Each structure stands twice: as structure tokens, then as C-alpha cells.
Amino acid sequence: MKTYLYLLIVVFIILAGCSHQAPKPAKPEEHNQTGTKTEQKTESSPSKPQPQDRQDHQEKNIVVWADDGSKLAMAIQNQSSDNTELSLPQHQIWVQNRDGSERRAITDWRNYQAKQVFYMKQADYFVVESLLEKGARRFDKITANGNEILIIETPDSEHQPCQSSLTPTPAQTLPLQVEQTVIPSPDGQQLAHIYSPECGKVTVEFLYANSLNIFDNQTMTIDEAMRATWHREGYIILTNYNNDKAWKVTPSAPPLPVLPPKCWSPVTTSSDISLEGQKVYLEGDTLVTEEVGRDKAFGCQ
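Residues numbered from 1 in each chain as written. Predicted model: local features only at pLDDT ≥ 70, side-chain atom pairs only at ≥ 80, totals over all residues. Heavy atoms only, no water.

Would you mind going over the overall build of the protein with me for this structure?
If you tally the helices and strands in the protein, you get one helix and 21 strands. The buried share of the protein, reckoned over its 301 residues, is 44%. Within the protein, contacts between residues separated by at least 24 positions form 46% of all contacts whose residues are at least 6 apart in sequence. Here the protein has roughly 17,200 Å² of accessible surface; of this, 51% comes from carbon and sulfur atoms. (Helix = DSSP H or I, 4+ residues; strand = E, 2+ residues; numbered from the N terminus. Buried < 20%, exposed > 50% of the residue type's maximum accessible area, 1.4 Å probe, protein only. Contact = heavy atoms within 4.5 Å. Areas by Shrake-Rupley, 256 points an atom, 1.4 Å probe, with all protein chains shown as cover.)

So what exactly am I meant to see when it comes to the packing of aromatic side chains here?
Each aromatic ring pair is specified by the distance between its two centres and by the angle formed by the two planes. This structure, assessed with the given rule, holds four aromatic pairs. Taking 6.2 Å as the distance between ring centres and 40 degrees as the angle between the ring planes, the aromatic pair formed by phenylalanine 206 and phenylalanine 215 counts as tilted. A residue is classified by how much of its surface remains accessible, and phenylalanine 206, at 0% relative accessible area, is buried. Residue classification places phenylalanine 215 among the partly exposed residues on the basis of a relative accessible area of 26%. Arranged with centres 4.4 Å apart and planes meeting at 25 degrees, the rings of tyrosine 208 and phenylalanine 215 form a pair that is stacked. In textbook terms, an aromatic cluster arises when at least three aromatic residues are bridged by ring pairs, as seen for Phe206, Tyr208, Phe215 and Trp230. The ring of tryptophan 94 has arginine 103 sitting right over it, with the charged end atom 4.7 Å from the ring centre. Sitting over the ring of tyrosine 235, lysine 248 keeps its end group 4.5 Å from the ring centre. (Phe/Tyr/Trp six-rings, centres within 6.5 Å; stacked < 30°, edge-to-face > 60°. Lys NZ or Arg CZ within 6 Å of the ring centre and 35° of its normal.)

Teacher, can you tell me more about the environment of valine 128 here?
Structurally, valine 128 can be placed in strand β9 (residues 125-131). Take valine 128: its relative accessible area is 0%, and that puts it in the buried class. For valine 128 and phenylalanine 118, which are 10 residues apart along the polypeptide, the C-alpha to C-alpha distance reads 6.6 Å. Not counting residues up to four positions away in its chain, the partners in contact with valine 128 are His91, Ile93, Arg110, Ala114, Gln116, Val117, Arg138, Phe139, Asp140 and Ile142.

Just to check I follow, could you spell out the sheet that holds strand β18 (residues 246-250) for this structure?
Picture the strands of a sheet paired through backbone hydrogen bonds; they go either parallel or antiparallel. Pairing is antiparallel across the open sheet formed by four strands, whose spatial order is β16-β17-β18-β19. Each edge of the open sheet is held by one strand with a lone partner, namely β16 (226-230) and β19 (253-258). Across the sheet, the mean angle from the axis of one strand to that of its neighbour is 25 degrees, orientation sign disregarded. (Pairing = 2+ DSSP bridges. Axes fitted to C-alpha atoms, helices over the stretch in contact; angles between N-to-C directions.)

Can you walk me through the sheet that holds strand β11 (residues 148-153) in this structure?
Here we have four strands laid out as an open sheet, ordered β8-β9-β10-β11, and antiparallel in their pairing. Of all strands in the sheet, those with a lone pairing partner are β8 (113-120) and β11, marking the two edges. The mean angle between the axes of side-by-side strands here comes to 20 degrees, regardless of whether they run parallel or antiparallel. Inspection of the sheet shows strand β10 (residues 137-143) paired to β11 by five bridges, in the antiparallel sense. If you follow lysine 141 over to β11, its bridge partner there is isoleucine 149.

Looking at this model, I keep getting lost on the pattern of salt bridges. Mind explaining?
Oppositely charged side chains are able to pair whenever their charged atoms sit close together. This structure, assessed with the given rule, holds 12 salt bridges. Between lysine 121 and aspartate 68 there is a salt bridge, and its shortest N-O distance comes to 3.8 Å. Here aspartate 68 lies in the loop between β3 (62-65) and β4 (72-80) and lysine 121 lies in the loop between β8 and β9, a separation of 53 residues in the sequence. When its relative accessible area of 30% is taken as the criterion, lysine 121 is described as partly exposed. (Salt bridge = Lys/Arg side-chain N within 4 Å of Asp/Glu carboxyl O.)

Got a minute to help me understand the side chain of histidine 193 in this structure?
With respect to the helices and strands, the residue histidine 193 is situated in strand β13 (residues 190-195). On the basis of relative accessibility, which here comes to 7%, the residue histidine 193 falls in the buried class. In this structure the side chain of histidine 193 is engaged in a polar contact, spanning 2.9 Å, whose partner is the side chain of glutamine 180. Apart from the residues within four sequence positions on either side, histidine 193 is in contact with Ile152, Gln180, Thr181, Val182, Thr203, Val204, Glu205 and Leu207. (Polar contact = N/O pair within 3.5 Å; in protein donor to acceptor, adjacent residues only side chain to side chain.)

What should I look at first to understand the state of the cysteines in this one?
As used here, a disulfide is simply a covalent bond connecting the sulfur atoms of two cysteines. This model, assessed by the stated rule, comprises two disulfides. Cysteine 263 shares a disulfide with cysteine 300; S-S distance 1.8 Å. Of note, the bridge from cysteine 263 to cysteine 300 carries an S-S torsion of about 95 degrees and is right-handed in sense. Of this pair, cysteine 263 sits in the loop between β19 and β20 (278-283) while cysteine 300 sits in the segment after β21 (286-291), and the two are 37 residues apart along the sequence. Each member of the pair, cysteine 263 as well as cysteine 300, is classed as buried. What links to what in the protein: the bonded cysteines, counted in sequence order, pair as 1-2, 3-4. (Disulfide = S-S within 2.5 Å.)

Structure follows, in C-alpha cells:
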């Protein structure tokens, strides 16, 4: 009897040992990179249902700091890898904290590819530049609750007021114009609409950001291609591409020549470089910040 009980106990122990599951391997711990870069995983961006054979990519996603550096804005692009499967590219604007928390969508999916985003958080709006067909572009003001209003839409390539010369000389490889753009002022209270009404001319229109009403404009003659940036003291600087000529443009005053700025980018307080000198960008679904120094931030002018 004792032998029988002993055998039952042995069998029970063996069966119990076989039914026990081995522990799952521990999840690897995530470590920050050494050096000047730190990486933070962001949540997967939501996307529309897509056909299984469509492979969208995010190579042209945009991320910028808010003007006060407290949050990030992203333009998530939805475009096929060969630019052919989607009849119309789309994008969506999101905001989040640097660590990925409090992430929310500002807009639904918007038509066209986004080229540039300014997040003027203190004034409670975004300016989004979108690429349209045939080289046309549009600039929209979008409030924090998602309301949109068109600021300006540019002509397409065939109807630009200043066309490139068919046989440019070595001294003039760019048309005598400035690329049309809309840039919020450093405090977000104004917008500067900068464009060339014809070759050899540049006009700067100053608008109130809250109403989009034009309150002043200045036009000047140029003899070479120009580009524009805001100065931290609240005026526009136009500079040539060699950065050896520059003009100060302010409301209610004619343009004046000034010393060329030390830099022309970032063009306002919201960009991929914070006022503290941290550059932000996306590598796949990873948000990367890199110390580049305050001398690379807005204000370096």
C-alpha cells in the first residue's frame, strides 16, 4: 500500500512539472543614445484605412516646435511611395508634448502634400503651406480647434508673374523675384505675405493675424533674387542669396538697406529648431531631438 501511494505521489509531481509554463523573456529595456541626440518613441499616427497592396510612407512628414517651445506640431503625410497610387496626397496636423503625451489631431485629412508648418501657439493658430497641382501652392490659417481660412493661393508654374529666363547668363541663374510665401511674425500677431508682382519687384504685405486684414504694404525694386525672414525686433529682412545685400522692410516706412544678417533661417519663432537650440526631426516613428545651439535658433539674425 505504501509503495502504491509513493508511486501516485511521484506521478503527480511529474505531471505538475510538465504543465508549468516557462516564463516569457523580459522585454528589452529602452536606452537613450549617448552623445547629443535623445530619442523618444511616438505613438503610431492614425491613418485612413488603406488597401493592403498600398505602401504609404512618411519620408516627408514635418515636425516643428511651437513658437514658445512648449509643444510640437506635426504634418503627417499620406502619400504612396511612388507618388502614383494616390490620386491626391493628403496630410493631417497633430500636436503633442515632446514626450508624446497629450497627442491630438487638429485637422481631419486635408488634401495635398504639406510643405511647411508654423505653430504659433501663443496666438492660437497654425499656418500651413500645401503643394497643389502644376506648381501652385496655398497658405491656410488653421486655429487650434481646426477651423480653416485661406490666406492666399499662388498661380501655377505656367502663370507665374516672373518666369525664369530660357537662356540664363552665369550672373543671373535665378529669376529676379522672391519665392512667394506667408510667414507669421515672431509674436504671431502679424503675417507677412511676400511675393513678386513682376520680375524685378518685391512686395511685402503686412496682415493682422486675427482678421487677415492687410494694414500696410511696401514694394521695392530688386536686381537679383531675394529671400525673406523676420527679425526678432519685428520687421522683415530681404537678403540676396550671396548674403552680402539686405533691406529692412517695416510697415509705414520705405525699405532701407541694412547690414546682411548673420543667418536667414529659421525665418520665425516656430521651426524645427527651438529657441533653446534643440533641433527636432522624425526618423520613421521615432522623434529625435538634437542639441545644435542657440546660435542656430531664430534670433541668429
